[in-house]
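# Coordinate inspection notes
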Amino acid sequence: MVKSLRKETPGHDKRIKQKKDLAFKESQRGALDRFVVKLPPTIVPNLTENENVVPNLDRDEICNDLELTQNVHEEVPNIVVNENENISDREDICRDDIECEPPLSPPRVHVDIYDPRYWGSLDTNSRDLLVEKGPLRDPNIKKGPKDKRSRYFSSTCFTRILPNGEEYDRKWLVYSKELDKVFCFCCKLFKNSSRICGLSNEGLKINDTIDKHLQRHINEDREHWKQVLKRIISVVKYLSIHNLAFRGTNEKVYEISNGNFLGLIEMIAEWDPVMKEHMRRIKNNEIQYNYLSSKIQNELIDLLASKIKSAIIQKIKAAQYFSILLDCTPDASHQEQMSLIIRCVDTSESPIKIQEYFMRFLKVVDTTAQGLFDVLKSVLKDLDLDINNIRGQGYDNGANMSGCKNGVQKKLLDVNPRAMYTPCGAHCLNLTPLDMARSCKGATDFFETLNQIYKIFSASTKRWDIFKEYVKGYTVKPLSDTRWESHIESVKAVRFQIFDIRKVLLKVGDNGDDKDTAAKFKAKNLAKHSVGNFEFLLSMVIWYDLLNAVNLVSKSLQFKDMLIDDAMRQVKGLLKYFQNYRDKEFGKALTTAKDIANQLGVEADFHVGRIIHRTQFFDEIGNCEETVQSAEESFRTKFFLQIVDQAISSLERRFEQYKACDDIFGFLFSSDTLNSMDDDQLKARCDNLEAALRHEEVSDIDANDLFGELKVLRELLPMEITTAAGIFNFIKRQDSFPITSIAYRVLLTIPVTVASAERSFSKLNILKSFLRTTMAQERLNGLAMISIEHSLLDDVDIDSLIDDFAAVNSRRLNFR
């Protein structure tokens, strides 16, 4: 028999093992009670034996009903038992409860261990369970309770959208509905009571962020970037207003030829701490975006121009009625550019102002009338302006623009008959001296002499030095091929310095150091036979008087706030001046010329040419005598009367369109015209204005209402108010004449000249020069808008502009 090798366990060891097993079983008794609470039946009166689970009862209600007095953790309800609690004590508690309770089994309530408000005193097993399962979050929280700033928690806070569009799950973030607070899962579950942390104790309170210190640094960094961008915007504004180039041959800081923009940034960084820190980060490669590139420049230019354009469009829409001014010119890259100017009445200021706003340059390919009109319609639609609100149109004298049959003005009138056309007053007046100069040979010879005097001195630096030595006042000027009223400057230099100019011509003719014999001969010839000729001196006096009058009116007509009534008064005044000069001023001019001739030592005689006798035919009367004019009378009829009569004829013809405007609006020009008419005449003029402002059975005004208001208005108008603008300001202050206000608003909208478009071309030539011909059209328009309408930059809110800039691209997290 084989003896068993297994050794029998001693009885003493068995008893010890049994006691341990029994103690372990006793310790596990009621372990699930740690997650439930026993309530008396009064808590839920209608609760039956089978209905013993009630989730998420409020902790305060449970404590009040059980009348428990033991000390518990702040965040844990009285139903939770500490893991170090003595088992025997717990049995006593349970026994006492059983003795107090009725025989029926009491209902039990689950504690939601996933609610962070109960995590303050969880036992190890509960913590292990939460760590294993992870936090439980409700993805359907759309809108939690609002705080005093109307902010609320949403389930979207559980995720973060990265710059590349990906979603990042904030697994550590948990939310308590009952407390309406968010917590850090790890910090709240494994908190150390000796440390205070917002996410583990108090949660995210009102006006606090996840990390106050981190948020403070974020705010400081955001403010730094805003300050950097404000300085960059200031540089953009400065360069744009002064029409300076931005970029050089490279776009790297602290390198030669990097342009004005980076050069100014480097200069600011020398004394400004904000830009100094920004440049330090750039040099140390601490930042990825520095906002100094050409792309950022273009974006800022576009944003600034957009702000100005929005303000202008707002004013135009407030005025309702507006006029358009168009003019074309080729730029440095040989592209046809059309300038669009809009004229309106700015009623937001007192007194009212007539404004002409530059809108943009339009690159034109088809320069026919239809092509230009199509571009106009397109840009008005883009600017959200109604073509039916146009009440005036003004262009230069080009056939494709001003043509009454196939021009742009006719095509616009076909669409909107109320868009009254008025020719550019400055262009019309500019063409009057041209007509005068072409009227006779004597006028042509006179300007040719002026041109030869300028060429003698300008062709050589040595001769120009001699000129400056002897002539201390005005310098001689060349003749303009397009701006004939500017000829006054050429005439003026000779008219008031004729003695010095004749002396310097003689000096040039006798200059032995000058090897140009042809120039010396020409100078001597001009001094003796041209400047020293009495007819030249008399022509000089006459031309100066006529051109000076034309120039004064021309400059006045070029004001952008010039009104049609004032323009007509000035043109009529100029016409009256010519008529009076024709009848009375020849003798005065002759006397003045003789005085000049005497001072020069020139004989005050007219050139007498050979008298040509006409052949007498056999069938003519034999005693017919020819009338021979004197040399003075011949000059008067063939030169003086010729150019003055041509000036009168040209003014009447070229400003004929103004008469049509006078027939429609003339009775509104002044208080005198209103008071000079009886009721029948006034009613007839009101009817005529209503018809002129009618389109498709709709008129801007009602003639009967206008007639009634004007009868009262002319009784109230003060005697000192004589202009249309003054009357409109009076009406605006009274605020009692609505129909009359519309009539005057339309009247003041009618353009006088397109000088504003001409002035915009000077900016075009500066911006798009031969060194910058590759500029994009958007950048050209933005720079032109800022440069021309820079007065509106003061009203641009830089903070809102920075917000718009930050919203352009999602990568710009620095401003968020």
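Quick caveat: nothing in here was measured; it's all calculated off a predicted structure.

## Structural notes on the overall build of the chain
Summing up its helical and strand segments, the chain has 32 helices and 13 strands in all. In the chain, which comprises 816 residues, the proportion classed as buried is 44%. A total accessible area of about 44600 Å² is found for the chain, and carbon and sulfur atoms account for 50% of it.

## Points about unusual backbone geometry
A cis amide bond, omega 0°, links Ser 350 with the succeeding residue Pro 351. Position of Pro 351 among the secondary structure elements: in the loop between strand E8 (336-346) and strand E9 (353-364). The phi dihedral of Gln 320 falls on the positive side, at around 70°, and the residue is not glycine. One non-glycine residue, Glu 697, lies in positive phi territory at about 65°. Take Glu 697: it is sitting in the loop between strand E12 (694-695) and strand E13 (698-699). With a relative accessible area of 70%, Glu 697 lands in the exposed category.

## Notes on the sheet that holds E8
Here five strands make up an open sheet; going across it, the order is E9-E8-E7-E10-E11 and the pairing mixed. Edge positions in the open sheet fall to E9 and strand E11 (420-421), since each of these has one partner strand only. Sheet topology note: the E8/E9 ladder contains eleven bridges and is antiparallel. Bridge assignment links Ile 342 to a residue of E9, and that residue is Tyr 357. Lying over the sheet, helix H11 (residues 369-382) contacts strand E7 (322-330), E8, E9 and strand E10 (390-394), oriented at roughly 120° with respect to E9. Packing of helix H30 (residues 755-767) onto the sheet brings it into contact with E7, E8 and E9, and relative to E8 it is tilted by some 130°.

## Things to note about the nonpolar core
With 116 residues, the main nonpolar core has Ile 542, Trp 543, Ile 643, Phe 665, Leu 668 and Leu 689 as its most contacted residues. Here this core takes 15 residues from helix H20 (residues 534-557), the largest share from any one element. Setting aside its immediate chain neighbours within four residues, Leu 689 contacts Ile 664, Phe 665, Phe 667, Leu 668, Ile 701, Leu 706 and Ala 743. With 81 residues, the next largest nonpolar core counts Leu 262, Leu 304, Ile 308 and Leu 801 among its residues.

## Regarding the confidence of the model for the chain
When pLDDT drops low, the exact placement of atoms in the prediction is not to be read closely. With 82% of its residues at a pLDDT of 70 or more, the chain shows a mean pLDDT of 81. Note that pLDDT drops below 50 for residues 1-5; the model gives that stretch zero contacts with residues more than four away or on any other chain. Note on residues 39-107: pLDDT is under 50 here. Beyond four places in sequence and across chains, it has 83 contacts.

## Notes on the packing of helix H18 (residues 498-509) against helix H19 (residues 517-530)
It is at 7 Å that the axes of H18 and H19 come closest, and there the two elements cross at 150°. As judged from the angle between their axes, H18 and H19 are roughly antiparallel. Between H18 and H19 lies a crossing whose hand is left-handed. For the pair formed by H18 and H19, the contact residues are Arg 502, Leu 505, Leu 506, Val 508 and Gly 509 on the first element and Lys 520, Ala 523, Lys 524, Leu 526 and Ala 527 on the second. Class assignment for the residues of the contact of H18 with H19 results in six nonpolar, one polar and three charged.

## Here's the deal with the side chain of Ser 176
Tracing the sequence through the fold places Ser 176 in strand E5 (residues 173-176). Polar side-chain contacts of Ser 176 include one of 3.0 Å to the side chain of Asp 115. Those residues within four positions of Ser 176 in sequence are excluded, and the remaining contacts are Asp 115, Pro 116, Arg 117, Lys 181 and Phe 183.

## Examining the pattern of salt bridges
Think of it this way: side chains of opposite charge can pair up when their charged atoms draw near. Under the definition given, this model contains 33 salt bridges. A salt bridge links Arg 391 to Asp 700; its shortest N-O distance comes to 2.7 Å. One end of the pair, Arg 391, is in strand E10; the other, Asp 700, is in the loop between E13 and helix H27 (703-716), and 309 residues separate them in sequence. With a closest N to O distance of 3.7 Å, Lys 588 and Glu 585 form a salt bridge. The exposure class of Lys 588 is exposed, given its relative accessible area of 53%. Put simply, Asp 221, Glu 277, Arg 280, Arg 281 and Glu 286 are held in one network by salt bridges that share partners.

## Section: the pairing of E5
Of the two faces of E5, the one carrying Leu 173 and Tyr 175 and the one carrying Val 174 and Ser 176 are both buried. Bridging between E5 and strand E6 (residues 181-184) involves four bridges; their strand directions are antiparallel. Note that in E6 the partner of Ser 176 across the bridge is Lys 181. Between E5 and E6, which pair antiparallel and follow one another directly, the connecting turn spans four residues, one of which, Asp 180, has a positive phi of 55°.

## Thoughts on the packing of aromatic side chains
As enumerated under the stated definition, the model contains 20 aromatic pairs in all. Grouped by ring-pair contacts, the aromatic residues Tyr 577, Phe 578, Tyr 581, Phe 586 and Phe 640 constitute a single cluster. The ring of Tyr 254 has Lys 283 lying over it, and the distance from NZ or CZ to the ring centre is 5.1 Å.

## Notes on the pairing of E9
Most of E9 sits out of view: ten of its twelve residues are buried. Between E8 and the antiparallel strand that follows it, E9, lie six residues.

## With respect to helix H16 (residues 461-470)
For H16, every residue scored as buried is listed here: Arg 463, Ile 466 and Phe 467. Taken down its axis, H16 places every buried residue within 100° of arc, on the same side. Relative to its buried face, H16 has exposed residues pointing more than 90 degrees away, namely Thr 461, Lys 462 and Glu 469. The secondary structure elements touched by the buried residues of H16 are helix H15 (441-458), H18 and H19. You can read the cap of H16 off the contacts: a side-chain oxygen lies 3.3 Å from the backbone nitrogen of Lys 462, and it is on Ser 460.

## Here we look at the side chain of Glu 266
By the secondary structure assignment, Glu 266 is in helix H8 (residues 259-269). Within polar-contact distance, the side chain of Glu 266 engages the side chain of Asn 258 at 2.8 Å. Residues in contact with Glu 266, not counting those within four places in the same chain, are Val 253, Tyr 254, Glu 255, Asn 258 and Met 279.

Conventions adopted
- Residues numbered from 1 in each chain as written.
- Predicted model: local features only at pLDDT ≥ 70, side-chain atom pairs only at ≥ 80, totals over all residues.
- Heavy atoms only, no water.
- Helix = DSSP H or I, 4+ residues; strand = E, 2+ residues; numbered from the N terminus.
- Buried < 20%, exposed > 50% of the residue type's maximum accessible area, 1.4 Å probe, protein only.
- Areas by Shrake-Rupley, 256 points an atom, 1.4 Å probe, with all protein chains shown as cover.
- Pairing = 2+ DSSP bridges.
- Contact = heavy atoms within 4.5 Å.
- Axes fitted to C-alpha atoms, helices over the stretch in contact; angles between N-to-C directions.
- Core = buried A, V, L, I, M, F, W, Y, C linked by side-chain atoms within 4.5 Å.
- pLDDT = per-residue confidence, 0-100.
- Parallel < 35°, antiparallel > 145°, perpendicular 65-115°, else oblique.
- Left-handed = near helix turned anticlockwise from the far one by under 90°.
- Nonpolar A, V, L, I, M, F, W, Y, C, P; charged D, E, K, R; others polar.
- Polar contact = N/O pair within 3.5 Å; in protein donor to acceptor, adjacent residues only side chain to side chain.
- Salt bridge = Lys/Arg side-chain N within 4 Å of Asp/Glu carboxyl O.
- Phe/Tyr/Trp six-rings, centres within 6.5 Å; stacked < 30°, edge-to-face > 60°.
- Lys NZ or Arg CZ within 6 Å of the ring centre and 35° of its normal.
- Arc of directions from axis to C-beta.

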